[in-house]
Amino acid sequence: MMKIVTATVQAGVLALGVSFLGANTASAQSAVYKNCNTTPCTIGVAGLGYAPVGSPNYAAGWRRASQTYRDNANALRTLCRWHNWAGNFSPDVANGVVNCAALCGGNPSCQ
């Protein structure tokens, strides 16, 4: 499993189960990435350089699935909204690594 990034920022620790990718996450631009080589598709948040064409992450099936977010909190809110929707699954949300309720004013699905 690879790693992607978290809301409290510990350079690279959400799960990939997906989470956050490397870089300091406080102000880094990020996006939601998706890997449908698994069922359901695994989703997570990472920096913009996570899966460029030709990289090992790209070869493993990771593709950028969202717009660019200027901060990780907004990318993580999208992760929370997409978790368990349309065949997407985030191990980090499921395991409580990403606290969606805290990110979304008490709403655990950020809807």
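Residues numbered from 1 in each chain as written. Predicted model: local features only at pLDDT ≥ 70, side-chain atom pairs only at ≥ 80, totals over all residues. Heavy atoms only, no water.

**A short note on the packing of aromatic side chains**
The description of two aromatic rings rests on the distance between their centres and on the angle between their planes. Across all of its chains, the model carries two aromatic pairs by this definition. Both rings, one in Tyr33 and one in Tyr50, keep their centres 5.3 Å apart while their planes meet at 70°; by these two values the pair is edge-to-face. Placement of Tyr33 in strand E1 (residues 30–35) and of Tyr50 in the loop between strand E2 (41–47) and helix H1 (56–59) is noted, with a sequence separation of 17 residues between them. As far as the burial class goes, Tyr33 and Tyr50 line up, both buried. Summarising the aromatic geometry, the rings of Tyr50 and Trp62 are spaced 6.1 Å apart at their centres and angled 75° between planes, so their arrangement reads as edge-to-face. Taken as a pair, Tyr50 in the loop between E2 and H1 and Trp62 in strand E3 (residues 62–64) lie far apart in primary sequence, twelve residues in all. The burial state of Tyr50 is the same as that of Trp62; both residues are buried. Across from the ring centre of Tyr58, 3.4 Å away, lies the NZ or CZ of Arg63, which sits over that ring. (Phe/Tyr/Trp six-rings, centres within 6.5 Å; stacked < 30°, edge-to-face > 60°. Helix = DSSP H or I, 4+ residues; strand = E, 2+ residues; numbered from the N terminus. Buried < 20%, exposed > 50% of the residue type's maximum accessible area, 1.4 Å probe, protein only. Lys NZ or Arg CZ within 6 Å of the ring centre and 35° of its normal.)

**Some words on the state of the cysteines**
If you walk through the whole model with that rule in mind, you get three disulfides. Shown here is the disulfide that connects Cys80 with Cys100, its sulfur atoms set 2.0 Å apart. Taking the torsion about the sulfur-sulfur bond, which here is approximately -90°, the covalent link between Cys80 and Cys100 counts as left-handed. Pair noted here: Cys80 is in helix H2 (residues 72–82) and Cys100 is in helix H4 (residues 100–103), with a separation of 20 residues, a long-range link. The residues Cys80 and Cys100 share a single accessibility class, namely buried. With a sulfur-sulfur separation of 1.6 Å, Cys104 is cross-linked through a disulfide to Cys110. Since a negative S-S torsion denotes a left-handed disulfide, the Cys104-Cys110 link at about 80° is right-handed. Residues Cys104 and Cys110 agree in their burial class; the two are buried. If you count the bonded cysteines of the chain from the N-terminus, they pair up as 1-2, 3-4, 5-6. (Disulfide = S-S within 2.5 Å.)

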